[in-house]
Amino acid sequence: MLYINGEFCNAQSNKTFDVINPATGEVVRTVAKGGAADAQAAIDAAQEAFKPWSRLTAKDRYAYLKKTADILRGRTDEIAQLITLEMGKPLAEAKGEIGLAIDYLDWYAEEGKRIYGDTIPASTPNKRLMVLRQPVGVVGAITPWNFPIAMITRKLAPALAAGCTMIVKAASATPLAAIEVFKALHEAGVPKGVANLVNGSASEVVGTLMASPVVRKITFTGSTEVGKELVRQSADTMKKVSMELGGHAPFLVFEDADLEKAAEGAIASKFRNAGQTCVCTNRIYVQKSVADEFAAIMAEKMKRLVMGNGLQEGVTIGPMIDRAAMDKAQEHIDDAVEKGATLLSGGSKVTEGELEKGCFFAPTVLLNATHEMKIAYEETFGPVAPIFTFETEEEVIRYANDTVYGLASYVYTKDGSRMFRVAEALDYGIVGINDALPTVAQAPFGGIKESGVGREGGKYGIEDYLEYKFLSLQLDI
């Protein structure tokens, strides 16, 4: 189903596509495949809805967002099943993601009440200077498959709270959770045209959004390559952009760290969502004096990982999204081994039993990784953990920063001074200090360098959906 102008509908072309369960290879559901005409209809609806929606009070918009959050909260178990079916993550992770999605709705329902303006001291006695904050207008959102519900509400909640209207293009691999969000919006009574969903052809839907002068902002989460192209296209109509792009997160373990907690953190970060997150650990740097001990602890803890269909109780790691993703992981492993890495565990697709039918890739740890290997500078986006060693703090900071990416990084140490010294030296938008899972709704999420532009989350996340308007009043006094 598409959702346009307050109604669920088929694509105008009547085209459809299948949603595939990566754990079994089976078709989960067949859904409408939208195209350019559907995208234009959604733009027209959003444009029509913008003025009345933007003129509502923040309290009124708060009520719609809170009701949507409450509806999703009551359907957590049902939606978690859909997320696991369409993209594979274990049910516990799916439920955690839904909790985060709801947090964004709750947070921005409140944050919309705090869009403040300013008064500025005038240069002459007969003038008064003011700054207003107003919604940017119609917004196009393009969301990824790895967090199919949280990435929607992280964009939609601040946009709607600010008074914008929106068209969402969800990932074709995971449209089912997106549909549930729009069912909740519909049930909450959000006025028609305020929020629209057009799944389908990326070239047609996104192309229409990018070409339209009505769409004043594009927000995208995905690869750096695609993000750069969207930024180029946005120049033609001078759209505002928010880009949350690729990452290549370093995970620094110093000799004074709690190695048990560091190993647990590395596993939690690296193997959550089968390694398919933009903030997951990509390079583990361990100080040489404790490298062997850390590797042994990590290997022991990895034995607790249970791979399987995410619907089954006790499963902690599910499948990768598709065969192409597995091929990339295998390419990185083969290249690393060829260049001298030691395979500690995993290393290939699972080819035994029922798991052979799905996209299951064994959790992998590589020792003796070096910076000549592809895995040192390309994002794997899979359950592969290479371990590098270092001698000094200055050396590891240099290694960590030697990348075009700058999204997330992690530091494990007990030294308070080192915590701040290293965190301030790392060229990353996010630094988890003895914390492998730092993402929360009330804090800014985003990167620097080629990892993106702008921030999502917290009071910062609403900024990109607002414009400044300066008022200069000359008075007769």
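In the block above lies the structure referred to throughout.
Let us look at the structure shown here. Remember, it's a predicted structure, so these values are computed and weren't measured experimentally.

Our focus in this paragraph is the overall build of the chain. From N to C terminus, the chain includes 13 helices and 20 strands. Computed over the C-alpha atoms, the radius of gyration of the chain is 23 Å, within 12% of the 23 Å expected from 2.2 N^0.38 for a compact globule of 477 residues. Along the first, second and third principal axes, the C-alpha set of the chain runs to 75 × 60 × 40 Å. Out of the 477 residues belonging to the chain, those deemed buried represent 55%. Contacts in the chain between residues far apart in sequence, at least 24 positions, make up 73% of those at least 6 positions apart. Total accessible area computed for the chain in this model is approximately 19400 Å², and 51% of it derives from carbon and sulfur atoms. If the 51 positive side-chain charges of the chain are averaged to one point and the 61 negative ones to another, these points end up 7 Å apart.

Counted under the stated rule, the structure contains 9 aromatic pairs. With a centroid separation of 4.9 Å and 25° between ring planes, the pair formed by phenylalanine 251 and tyrosine 412 is classed as stacked. Here the residue phenylalanine 251 occupies a position in strand E12 (residues 249–253), and tyrosine 412 occupies one in strand E17 (residues 408–412), the gap between them amounting to 161 residues. The two residues phenylalanine 251 and tyrosine 412 agree in class, both being buried.

It is worth spelling out the packing of helix H5 (residues 150–162) against helix H6 (residues 176–187) at this point. Running from amino to carboxyl end, H5 crosses H6 at an angle of 30°, the nearest separation of the two axes being 11 Å. It follows from the interaxial angle that H5 and H6 lie roughly parallel. For H5 against H6, the interelement crossing comes out right-handed. Residues Ile152, Leu156 and Leu160 of H5 pack against Ala178, Val181, Phe182 and Leu185 of H6. A per-class count over the contact of H5 with H6 returns 7 nonpolar, no polar and no charged.

Ranked by internal contacts, the top residues of the largest apolar core, which has 90 residues, are Leu156, Leu160, Met166 and Phe182. What phenylalanine 182 contacts, discounting residues up to four positions off in sequence, is Tyr3, Phe8, Leu156, Val168, Ala195, Asn196 and Leu197. The next biggest cluster of nonpolar side chains, apart from the first, holds 39 residues, and it includes Ala257, Val286, Ala362 and Ala436.

With that settled, consider a nonpolar patch on the surface. Together, Met130, Leu473, Leu475 and Ile477 make up an exposed nonpolar region whose accessible area comes to about 330 Å². You can see leucine 473 is positioned in strand E20 (residues 466–474). Exposure remark for leucine 473: the relative accessible area of 32% places this residue in the partly exposed category.

Before going further, it helps to examine the side chain of threonine 143. Relative to the elements of secondary structure, threonine 143 occurs in the loop between strand E7 (138–142) and H5. In contact with threonine 143, other than residues within four places in its own chain, are Met151, Ile152, Lys155, Val168, Lys169, Ala170, Ala171 and Thr221.

With that settled, the discussion passes to the sheet that holds E20. Pairing within the open sheet is antiparallel, and its 3 strands lie in the order E5-E6-E20. Looking at which strands have only one partner, the edges of the open sheet turn out to be strand E5 (118–120) and E20. On average, adjacent strands in this sheet sit at an angle of 25° to one another, irrespective of strand direction. In this sheet, strand E6 (residues 127–135) lies alongside E5 in antiparallel orientation, the contact comprising 3 bridges. For aspartate 118, the partnering residue across the bridge sits in E6 and is valine 131.

Our focus in this paragraph is the pairing of strand E11 (residues 240–244). Counting buried residues along E11, 4 of its 5 residues qualify, which places the element largely inside the surrounding structure. The sheet contact formed by strand E10 (residues 215–221) and E11 spans 5 bridges and is parallel. Following the sheet pairing, threonine 221 is matched in E11 by glutamate 244.

Looking now at the sheet that holds E17. Read from one edge of the open sheet, 7 strands run E14-E15-E16-E13-E12-E17-E18, paired in mixed fashion. Whereas interior strands pair on both sides, the edge strands pair on one side only; in this sheet they are strand E14 (342–345) and strand E18 (430–433). The mean inter-strand angle of the sheet, taken between neighbouring strand axes irrespective of direction, is 25°. Bridge analysis of E14 against strand E15 (residues 364–367) gives 3 bridges, and the strand direction is antiparallel. Residue pairing in the sheet places leucine 343 in a bridge with leucine 366 of E15. Against the sheet, helix H12 (residues 393–401) engages E12, strand E13 (281–287) and strand E16 (384–390), with an angle of about 170° to E13.

By the element assignment, glutamate 187 lies in helix H6. Discounting residues that sit within four places of it in the chain, glutamate 187 has contacts with Lys67, Ile71 and Arg75. A polar side-chain atom of glutamate 187 sits 2.3 Å from a polar atom in the side chain of arginine 75.

Attention now goes to H6. Given a rise of 1.5 Å per residue, 12 residues ought to cover 16 Å, and the 17 Å separating the end C-alpha atoms of H6 matches this to within 8%. Among the 12 residues of H6, 9 are classified as buried, and the element is accordingly described as predominantly covered. For H6, the complete set of buried residues consists of Leu176, Ala177, Ala178, Ile179, Glu180, Val181, Phe182, Ala184 and Leu185.

The final tally for this structure, using the stated rule, is 25 salt bridges. Residue arginine 418 is joined to aspartate 256 by a salt bridge in which the shortest nitrogen-to-oxygen separation is 3.3 Å. Of this pair, arginine 418 sits in helix H13 (residues 416–425) while aspartate 256 sits in the loop between E12 and helix H9 (259–271); the two residues are 162 residues apart in sequence, bridging distant segments of the chain. What makes arginine 418 buried here is its relative accessible area of 14%. Of the charged contacts, one joins glutamate 391 and lysine 288 as a salt bridge, the two residues approaching to 3.5 Å between their closest N and O atoms. Of this pair, glutamate 391 sits in the loop between E16 and H12 while lysine 288 sits in the loop between E13 and helix H10 (291–302), and the two are 103 residues apart along the sequence. Residue glutamate 391 is classed as partly exposed on the basis of its relative accessible area of 46%. By relative accessible area, lysine 288 is classed as partly exposed at 46%.

Reading the values: the criteria
Residues numbered from 1 in each chain as written. Predicted model: local features only at pLDDT ≥ 70, side-chain atom pairs only at ≥ 80, totals over all residues. Heavy atoms only, no water. Helix = DSSP H or I, 4+ residues; strand = E, 2+ residues; numbered from the N terminus. Rg over C-alpha atoms; globule rule 2.2 N^0.38 Å. Buried < 20%, exposed > 50% of the residue type's maximum accessible area, 1.4 Å probe, protein only. Contact = heavy atoms within 4.5 Å. Areas by Shrake-Rupley, 256 points an atom, 1.4 Å probe, with all protein chains shown as cover. Lys, Arg positive; Asp, Glu negative; His and termini not counted. Charge placed at Lys NZ, Arg CZ, Asp CG, Glu CD. Phe/Tyr/Trp six-rings, centres within 6.5 Å; stacked < 30°, edge-to-face > 60°. Axes fitted to C-alpha atoms, helices over the stretch in contact; angles between N-to-C directions. Parallel < 35°, antiparallel > 145°, perpendicular 65-115°, else oblique. Left-handed = near helix turned anticlockwise from the far one by under 90°. Nonpolar A, V, L, I, M, F, W, Y, C, P; charged D, E, K, R; others polar. Core = buried A, V, L, I, M, F, W, Y, C linked by side-chain atoms within 4.5 Å. Patch = residues over 30% accessible without salt bridge, like charges linked within 9 Å, V, L, I, M, F, W, Y side chains within 5 Å. Salt bridge = Lys/Arg side-chain N within 4 Å of Asp/Glu carboxyl O. Pairing = 2+ DSSP bridges. Polar contact = N/O pair within 3.5 Å; in protein donor to acceptor, adjacent residues only side chain to side chain. Expected span 1.5 Å × (residues − 1).

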